[in-house]
Amino acid sequence: MQHTDPSQNIDSEKHIRDDVYDEDGSVSEALVTRIEVALEARDADLLRDEVRDLHPSELGHLLEALDATERQSLVELLGEEFDFEALTEVDEAIRLEIVDAMPNEQIAEGVQELDSDDAVYILEDMDQQDQDEILAKLPFTERIRLRRALEYPEDSAGRRMQTEFVAVPPFWTIGQTIDYMREDNDLPDRFSQVFVIDPAFHLLGTIDLDRLLRVQRVVRVEDLMVEARHAIPATMDQEEAAQIFEQYNLLSTAVLDENERLVGVLTIDDVVDVIQEEAEEDIMRLGGVGDEELSDSFMTIARSRSPWLFVNLFTAFLSASVIGLFDGTIQQMVALAVLMPIVASMGGNAATQTMTVTVRAIATRNIDIHNAARVIRREALIGLLNGMMFAIMIGTVAGYWFDNWHLGGIIGSAMIINMLAAALGGILIPLLLHRLGADPAIASAVFVTTVTDVIGFFAFLGLATWWFGFSFS
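Residues numbered from 1 in each chain as written. Predicted model: local features only at pLDDT ≥ 70, side-chain atom pairs only at ≥ 80, totals over all residues. Heavy atoms only, no water.

Chemist: Would you take a moment to explain the overall build of the protein for this structure?
Modeler: A tally of regular secondary structure across the protein gives 22 helices and six strands. The buried share of the protein, reckoned over its 473 residues, is 44%. A fraction of 66% describes how many contacts in the protein between residues 6 or more apart in sequence connect residues 24 or more apart. (Helix = DSSP H or I, 4+ residues; strand = E, 2+ residues; numbered from the N terminus. Buried < 20%, exposed > 50% of the residue type's maximum accessible area, 1.4 Å probe, protein only. Contact = heavy atoms within 4.5 Å.)

As C-alpha cells, then:
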C-alpha cells in the first residue's frame, strides 16, 4: 500500500476551507454552483482547484449534494485524482451508484491508496464477481488481507479492523523498534500502539508509543511491554466492540482470529462510526422503517416499510374488534366515541417513552437480570403517578364538557389503568422480545401500541358499560 509523506498530511490539515458549509451546516450553494459550472464546462483543471483542499468527508457531502449525472461527471473528470476515501462518507446507494459506473481497474487502483478498513467498507457491498475481479488486480499481500477481512461476518470487528499494524518480537530492543518504525514504508500512517508477537503471531503484549519514547534504546521490548488487555475477537459484533471501547476508554485494541493470532487493530475513529450507525439504526427500527437511506429509490423504501405496516394493520383490527364488543354502549352515549381516543393516545405516548428508554438500555447493556426488577417497579410507579395526575385533569374536563361527573370518573379510572399498562408494556415487551432472541428495536413498537389500544378501549368502554348499566337498571 502506498503511503503519503506525513509532512504533507500536516500541511494539508493546516489548510481549512471556510466556504464548504453554510450557517445551517449544509454544503454551501456557492460551492455547489462553482462545481456545477466546472462540470458543465468539462473544465477538469477548475474542478481540481475547487476540490483539491477538501477533506474526504467534505467531498462526500459534496457528492451527496449533486445529482446522479453530476456525481458521475465529477468522478470522471477527476480521474486518478479522485479521493476514494470520500466514498466511505456517502450513503450506500450513492456509493454503489458511483462504483458501478467505474471500471474495476480504476477501483483497484483507488482502494490501494486506502487503509484496509476503508477498502473493505467500499468492497463489501459490491457484487461477488466484481469483488473477485478487483482483488485479483491487487498486490498479493493486500489481496490476502482484504479477502480475509471480507470473510468475517457483516457488522463484525473483523470487517471494521485495519490490517496494517506495527508488530515486533519480544527480543528486540527499543532502539531496533524505533529504527524499524522510521525506516519501514509499509507501516500505517497513524498508530498509537506497538504489538508484541511470537513467531506464530500470537499476541504477547503491547507498548504505548508515549511509553516507548521515554525509555533508553537498550531496553528490551519484553521488559517494557504490558499484558494485552481487552483484545477483541474478529467475529465479535461491532456494537459489542464499541461498548468495550466506551467502557475502558480505548484508543485502539488488537483484533484476534479464532486461533488467538493477531490479524488487525480496531481504532477509535472506526468505533465512532459504529456508534453513530448503531444509534441511527435503533432510531430507524423504533419507527419500523428498517435500514433505509435518503438516497434509496421510492420502491426500495416502500418495500422496506410495508412488512410492519401489514403487522400494524392486523393489530389495528384487533383493537377495532374490542370497540365492536361495546357498540351498544357507544350508541347509547356518543360521548364515549368522542373521549375514547384520548385514553388510547395517552397510553400510546406513555408506552413509547418507556419503550424507547428500555430499548436503548438493552442496546447499551444498562439493564440486566440484576436491576431489571428495580427498573420495572420504577416504571410502574411512574405510570401510576402520571396516570393519577392526568386522570384528574381529563376527568375534570370531561365532567364539565358533558355535564356528567360519572363519565369524568370513568375516563379518569381508565386513564390510570391504561397508563399503568403502558408503563409495564413499554418495558416488559422489549425485555421479553430480547429474551426470545428478537430485535426489540424493530418489533416492540407494534406490540406495545396494540397493548395500550386494547387495554385502553377495554378499560374505558368496559367501565362505562358496567357503571351505566348498573345505574340504569
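Chemist: Can you walk me through the sheet that holds strand E4 (residues 232-233) in this structure?
Modeler: Through backbone hydrogen bonds, the strands of a sheet pair up, either in parallel or in antiparallel fashion. With mixed pairing, three strands are arranged side by side in an open sheet as E4-E5-E6. Two strands lie at the open edges of the sheet, namely E4 and strand E6 (262-267), each paired on one side alone. (Pairing = 2+ DSSP bridges.)

Chemist: Sorry if this is basic, but what is going on with the UniProt feature "transmembrane region" (unreviewed entry) in the protein here?
Modeler: In the numbering used here, UniProt assigns the "transmembrane region" (unreviewed entry) feature to residues 308-326, 332-359, 380-402, 408-433 and 445-468. Secondary structure across residues 380-402 divides into 100% helix and 0% strand, with the first and last C-alpha atoms of the span separated by 31 Å. (UniProt positions renumbered as here; feature names shortened; annotations may be inferred.)

Chemist: What am I meant to see in helix H12 (residues 174-183) here?
Modeler: For an α-helix the count is 3.6 residues per turn, leaving residues at separations of three or four pointing the same way. The complete set of buried residues in H12 reads Ile-174, Gly-175, Thr-177, Ile-178 and Met-181. End-on view of H12: buried residues confined to an arc of 160°, all on one side of the axis. Residues of H12 that are buried sit in contact with strand E1 (167-168), strand E2 (193-197), helix H13 (209-212) and helix H14 (221-224). (Arc of directions from axis to C-beta.)

Chemist: Help me understand the pattern of salt bridges, please; the structure alone is not making it clear to me.
Modeler: Two side chains carrying opposite charge are able to pair once their charged atoms lie near each other. Taken as a whole, this structure holds 16 salt bridges when the rule is applied. Residues Glu-76 and Arg-42 are paired through a salt bridge, measuring 3.1 Å at the closest nitrogen-oxygen approach. Placement of the pair is Glu-76 in helix H5 (residues 68-78) and Arg-42 in the loop between helix H2 (29-40) and helix H3 (44-51), with a sequence separation of 34 residues. Of the charged contacts, one joins Arg-71 and Glu-97 as a salt bridge, the two residues approaching to 3.1 Å between their closest N and O atoms. With Arg-71 in helix H5 and Glu-97 in helix H6 (residues 92-100), this residue pair connects regions lying 26 residues apart in the sequence. Judged by relative accessible area, Glu-97 falls into the partly exposed class, the value being 27%. (Salt bridge = Lys/Arg side-chain N within 4 Å of Asp/Glu carboxyl O.)

Chemist: So what exactly am I meant to see when it comes to the packing of helix H7 (residues 104-111) against helix H9 (residues 128-136) here?
Modeler: When two helices pack together, their arrangement is given by the angle between the helix axes and by the axis-to-axis distance. As a packed pair, H7 and H9 sit with axes 9 Å apart at the nearest point and diverge in direction by 60°. Overall, the two elements H7 and H9 adopt an arrangement that is oblique. Between H7 and H9 the crossing geometry is right-handed. On H9, the residues that touch Asn-104, Glu-105, Ile-107, Ala-108 and Val-111 of H7 are Asp-130, Glu-133 and Ile-134. By residue class, the composition of the contact of H7 with H9 is four nonpolar, one polar and three charged. (Axes fitted to C-alpha atoms, helices over the stretch in contact; angles between N-to-C directions. Parallel < 35°, antiparallel > 145°, perpendicular 65-115°, else oblique. Left-handed = near helix turned anticlockwise from the far one by under 90°. Nonpolar A, V, L, I, M, F, W, Y, C, P; charged D, E, K, R; others polar.)

Chemist: Is there a simple way to explain the sheet that holds E2 in this structure?
Modeler: Ordered in space as E1-E2-E3, the three strands form an open sheet in which the pairing is mixed. Lying at the two open borders of the sheet, with one neighbouring strand each, are E1 and strand E3 (203-208). Note: E1 against E2, two bridges, orientation parallel. Residue Ala-167 lies in a different strand from E2, and its bridge partner there is Phe-195.

Chemist: I would appreciate a short explanation of the side chain of Thr-358 in the present structure.
Modeler: Looking at where Thr-358 falls in the secondary structure, it is placed in helix H19 (residues 335-363). The exposure class assigned to Thr-358 is buried, which follows from its relative accessible area of 4%. The contacts of Thr-358, once residues within four sequence positions are left out, are Gly-426, Ile-427, Pro-430 and Leu-431.

Chemist: Teacher, can you tell me more about the environment of Met-415 here?
Modeler: Relative to the helices and strands, Met-415 is located in helix H21 (residues 405-435). Here the alpha-carbon distance between Met-415 and Met-346, two residues 69 residues apart in the chain, equals 7.9 Å. Discounting chain neighbours no more than four positions away, the residues touching Met-415 are Ile-342, Val-343, Met-346, Gly-387, Phe-390, Ala-391 and Ile-394.

Chemist: When you look at the nonpolar core in this model, what are you seeing that I'm missing?
Modeler: Soluble globular proteins tend to pack their nonpolar side chains together in the buried interior. Of all hydrophobic cores here, the largest spans 43 residues; its most connected members are Ile-35, Leu-47, Leu-62, Leu-74 and Phe-82. When residues of this core are assigned to their parent elements, the largest contribution, five residues, is made by H2. Sequence-distant contacts of Ile-35, defined by excluding residues within four places in its chain, comprise Leu-47, Glu-50, Val-51, Leu-62, Leu-66 and Leu-74. (Core = buried A, V, L, I, M, F, W, Y, C linked by side-chain atoms within 4.5 Å.)

Chemist: Would you explain the pairing of strand E5 (residues 252-256) in this entry?
Modeler: Along any regular strand the residues' side chains alternate between the sheet's two faces. Burial of E5 is extensive: five of the five residues sit out of reach of the surface. When E4 meets E5, the two strands line up parallel, connected through two bridges. In the strand pairing of E5, Ile-232 is matched with Val-255. Note: E5 against E6, five bridges, orientation antiparallel. The partner of Val-255 across the bridge, within E6, is Gly-264.

Chemist: It is not clear to me how the packing of H3 against H5 should be interpreted in this structure. Could you clarify?
Modeler: Two numbers describe how H3 lies on H5: the axes approach to 9 Å, and their chain directions differ by 100°. Our classification of the angle between H3 and H5 gives roughly perpendicular. Seen from H3, the contacting residues are Ala-44, Leu-47, Arg-48 and Val-51; seen from H5, they are Leu-74, Leu-77 and Leu-78.

Chemist: Explain a nonpolar patch on the surface to me, please; I cannot follow it from the model alone.
Modeler: On the surface, Val-334, Val-338, Val-397 and Trp-401 cluster together to form a nonpolar patch covering roughly 400 Å² of accessible area. Its location among the elements puts Trp-401 in helix H20 (residues 372-402). On the accessibility criterion, Trp-401 (52% relative accessible area) is exposed. (Patch = residues over 30% accessible without salt bridge, like charges linked within 9 Å, V, L, I, M, F, W, Y side chains within 5 Å. Areas by Shrake-Rupley, 256 points an atom, 1.4 Å probe, with all protein chains shown as cover.)

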